[in-house]
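# A structural walkthrough
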Amino acid sequence: MADEAVCVGPAPTNKSYLNMDAIMEAIRKTGAQAVHPGYGFLSENKEFARRLAAEGVTFIGPDTHAIQAMGDKIESKLIAKKAKVNTIPGFDGVVKDAGEAVRIAGEIGYPVMIKASAGGGGKGMRIAWDDEETREGFRFSSQEAASSFGDDRLLIEKFIDNPRHIEIQVLADKHGNALWLNERECSIQRRNQKVVEEAPSTFLDPETRRAMGEQAVSLARAVQYSSAGTVEFLVDSKRNFYFLEMNTRLQVEHPITECITGLDLVQEMIRVAKGYPLRQKQADIPINGWALESRVYAEDPYKSFGLPSIGRLNQYQEPVNLSKVRVDSGIQEGSDISIYYDPMISKLVTYGSTRAEALRRMEEALDNYVIRGVTHNIPLLREIITHPLFVKGDISTKFLPEVYPDGFKGHQLADSERQELLATAASLFVAAQLRSQKFLGNLRVSTSQQEQKRWELSVELEKGVHAVTVSSSGSTYTVELAGKSLDVTSEWNLASALLPVSINGTQRTVQCISRSPGGEISLQYLGTVYKVTVLSKLAEALSRHMPEKVPEDTSSILRSPMPGSVVAVSVSPGDTVAEGQEICVIEAMKMQNSMTAARTAKVRGIFPFRDDA
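These lines cover the structure that appears in this document, whether it is placed above or below.

Rules used in this analysis
- Residues numbered from 1 in each chain as written.
- Predicted model: local features only at pLDDT ≥ 70, side-chain atom pairs only at ≥ 80, totals over all residues.
- Heavy atoms only, no water.
- Helix = DSSP H or I, 4+ residues; strand = E, 2+ residues; numbered from the N terminus.
- Rg over C-alpha atoms; globule rule 2.2 N^0.38 Å.
- Buried < 20%, exposed > 50% of the residue type's maximum accessible area, 1.4 Å probe, protein only.
- Contact = heavy atoms within 4.5 Å.
- Areas by Shrake-Rupley, 256 points an atom, 1.4 Å probe, with all protein chains shown as cover.
- 1 Å grid on protein atoms, 1.4 Å probe; cavity = no way out; pocket = protein on both sides within 12 Å on 5 of 7 lines; lining within 4 Å.
- Points joined across faces, edges and corners; volume = space filled by probe spheres on them.
- Nonpolar A, V, L, I, M, F, W, Y, C, P; charged D, E, K, R; others polar.
- Phe/Tyr/Trp six-rings, centres within 6.5 Å; stacked < 30°, edge-to-face > 60°.
- Lys NZ or Arg CZ within 6 Å of the ring centre and 35° of its normal.
- Patch = residues over 30% accessible without salt bridge, like charges linked within 9 Å, V, L, I, M, F, W, Y side chains within 5 Å.
- Salt bridge = Lys/Arg side-chain N within 4 Å of Asp/Glu carboxyl O.
- Lys, Arg positive; Asp, Glu negative; His and termini not counted.
- Charge placed at Lys NZ, Arg CZ, Asp CG, Glu CD.
- Pairing = 2+ DSSP bridges.
- Axes fitted to C-alpha atoms, helices over the stretch in contact; angles between N-to-C directions.
- Polar contact = N/O pair within 3.5 Å; in protein donor to acceptor, adjacent residues only side chain to side chain.

Below, the discussion takes up the overall build of the protein chain. Across its full length, the protein chain holds 15 helices and 34 strands. Its C-alpha atoms give the protein chain a radius of gyration of 27 Å, near enough to 25 Å, the size a compact globule of 613 residues would have. With respect to the principal axes defined by its C-alpha atoms, the protein chain has extents near 90 × 70 × 55 Å. Within the span of the protein chain, comprising 613 residues, buried residues form 50% of the whole. Taking the intrachain contacts of the protein chain between residues at least 6 apart in sequence as the baseline, contacts between residues at least 24 apart amount to 62%. Carbon together with sulfur atoms contributes 49% to the accessible area of the protein chain, which is approximately 29,000 Å² in total.

Structure, rendered in structure tokens:
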């Protein structure tokens, strides 16, 4: 956390972090001599940089000319062409309306990418495959662009199907020196936003890396760039690469470049802003080892690979005790995840001398990351980094929809993994039973009866019921199920968020999310949370007589998948709506979502709601 904090306004961004007057007042109040703008909000706003200069405050970033030139995707593309940088075919002007968008898309040829001229971070971007999607994409992209950047101008270009997204980190000073600091592979995305990044890329050969780096530096020189910046490219299967955009700021994923080069990019930005020349030459920039970054989000990965979640972090523990693990976050236990900001919790970074080592460390770090109170995307992150295609490096920007065409369903258990989970749940149940019988290590009621050493249990997992026998010997439980025997050993500290166990010698870290008196246990195992019910034989027999809870009938309900603000209502009282027809638009966490009818129905009425509802 920061040494000093200044409130700049209420939660909505247009009243706080995008409110230049409030930021300038905070600068005057603290006597700040320089401002590092971070990753978003005003970090690429030329007017903010001008106002800082007028106050005699240093902007730790490029000058306003570079921000303006590269911040406008239309102008940046023209400059890139002039600098002999490979560019994507498309329309170089501003698209005026939906009708013109359809005409231009037809001339370019589908599919096309509609995106905000002043945008970034996946906001204000839509892919269109036909005229109808172009009209809808134009509407949503312009609204998101206006909301996120205060600029609703759009451009259209050819969408390169199934590419990789690879970016080059550049660093330049005010003395004409410019370097490329190798690449970052950012192809694992959802909704055009990055999820997992790595450096270097498994795909680039030295020749392509050099060519991309030299073109990135050429573009930086063309706008007299001075600071850290990123030139993003799309790369096809034959290693042809095309300029996408230049981000005139520090990227969220910059730590992985720091890991493999040994450079502190924020320090270098501060030095450049002060007027110092770069201390390195291009030949001094190494690729040492491998680094991975997982973006840990407060999102439900089972809904569109990540629907934002809100709530309070009632328990939070970062895996910073592990070797070569870095966690960059701006939250702590007790923090609220609200609808007003991007749902990112942290950036989880691991480093190794080889890619395999970095992957192994990431797997361990995800297993040891404790997040309670909000839904998070750790199940998806762990599945990505352990998937055979990702391990092989065989990826593209379509990785998620191709690997999970029916949506993400969590880890699919192999038979051996299912047995490990069943054995762990049964052992945990017995450990909890024994602990409840003791006080300060002794039996609560002293009797001559021997302490129980054997339990016959019924364990239910994913609608399958398994007969299990557990025998105890110290801290080890021997579990017999389906004709096999598994020894489960642990310290059984049930008050700890993390539960390291050894199952027939295999080390696992599981998390007990919850336990109920009725034997219901939620266990996070291999990243995914499984609901297991463990009962004694008697309790299992009696449970058959319990009435089942009837699920709620939601066929006539249109329920928002997340809290947010209603920004548009598309129907009127008395309208008959068809299945799939838009009813309203919800805005949350800087994204707009269309709510559609699940079946044909008639609108009875529209009731008043507050602007912030």
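Gaps left between atoms show up when a probe the size of a water molecule is rolled over them. Counted as a void, the second largest pocket has a volume near 840 Å³. Lining the second largest pocket are 29 residues, and of these I557, L558, I583, V603 and G605 sit closest to its centre. Going through the elements one at a time, β30 (565-569), β32 (582-588) and β34 (601-602) are the ones with two or more residues in the lining of the second largest pocket. Here the lining of the second largest pocket takes three residues from β32, the largest share from any one element. In the lining of the second largest pocket, the residues fall into 20 nonpolar, five polar and four charged.

Applying the stated criterion across every chain yields a total of two cavities of 30 Å³ or more. Here the largest cavity defines a volume of roughly 60 Å³. Taken together, K123, R190, R191, Q193, Y297, E299, P308, D342, P343, A588, M589 and M591 form the lining of the largest cavity. Within the lining of the largest cavity, the residues separate by chemical class into six nonpolar, one polar and five charged. Space inside the second largest cavity adds up to approximately 40 Å³. Looking at the second largest cavity, the residues that line it are K73, K77, I88, K115, L155, E157, F243 and L244. Of all the elements in the fold, those that place two or more residues in the lining of the second largest cavity are α4 (73-82), β5 (154-158) and β10 (241-247).

A few words on the packing of aromatic side chains. Given two aromatic rings, one states the distance between the centres and the angle between the planes to describe the pair. Enumeration according to the criterion identifies twelve aromatic pairs in this entry. When the ring of Y17 is compared with that of Y341, the centres are 5.8 Å apart and the planes differ by 75 degrees; the resulting orientation is edge-to-face. One end of the pair, Y17, is in the segment before α1 (20-30); the other, Y341, is in the loop between β17 (336-337) and β18 (344-352), and 324 residues separate them in sequence. For the pair F41 and Y341, a centre-to-centre distance of 6.5 Å together with 90 degrees between the ring planes defines the contact as edge-to-face. Here Y341 lies in the loop between β17 and β18 and F41 lies in the loop between β1 (34-35) and α2 (46-54), a separation of 300 residues in the sequence. Judged by its relative accessible area of 25%, Y341 is partly exposed. It is R139 that lies over the ring of F140; its NZ or CZ is 4.6 Å from the centre. Note that R239 overlies the ring of F203, its terminal NZ or CZ placed 4.5 Å from the centroid.

Another point: a negative patch on the surface. Negative charge collects at one region of the surface, where D130, D131, E132, E133 and E136 lie side by side. As for its placement among the helices and strands, D131 is situated in helix α6 (residues 131-149).

This part covers the sheet that holds strand β33 (residues 591-596). With respect to topology, three strands assemble into an open sheet ordered β30-β32-β33, the strand pairing being antiparallel. Lying at the two open borders of the sheet, with one neighbouring strand each, are β30 and β33. Averaged over all neighbouring strand pairs, the angle between strand axes comes to 30 degrees, with direction disregarded. Examined bridge by bridge, β30 and β32 share four bridges and lie antiparallel to one another.

The next point concerns the environment of E185. Looking at the element boundaries, E185 is found in strand β7 (residues 178-190). Residue E185 is classed as buried on the basis of its relative accessible area, which comes to 1%. Between the C-alpha atom of E185 and that of V8, which follows or precedes it by 177 residues, the distance is 35 Å. In this structure E185 touches R164, H165, I166, V196, E197, E198, S201, F203 and I395, once residues within four positions along its chain are discounted. Of the polar contacts made by the side chain of E185, one reaches the side chain of S201; its length is 2.8 Å.

With omega at 0 degrees, the peptide bond leading from Y110 into P111 counts as cis. Residue placement: P111 occurs in the loop between α5 (98-108) and β3 (112-116). Looking along the chain, the bond that leaves A199 and enters P200 is cis, with omega of 0 degrees. You can see P200 is positioned in the loop between β8 (193-199) and α7 (206-222). One non-glycine residue, E462, lies in positive phi territory at about 50 degrees. In this fold, E462 is placed in the loop between β22 (454-461) and β23 (464-473).

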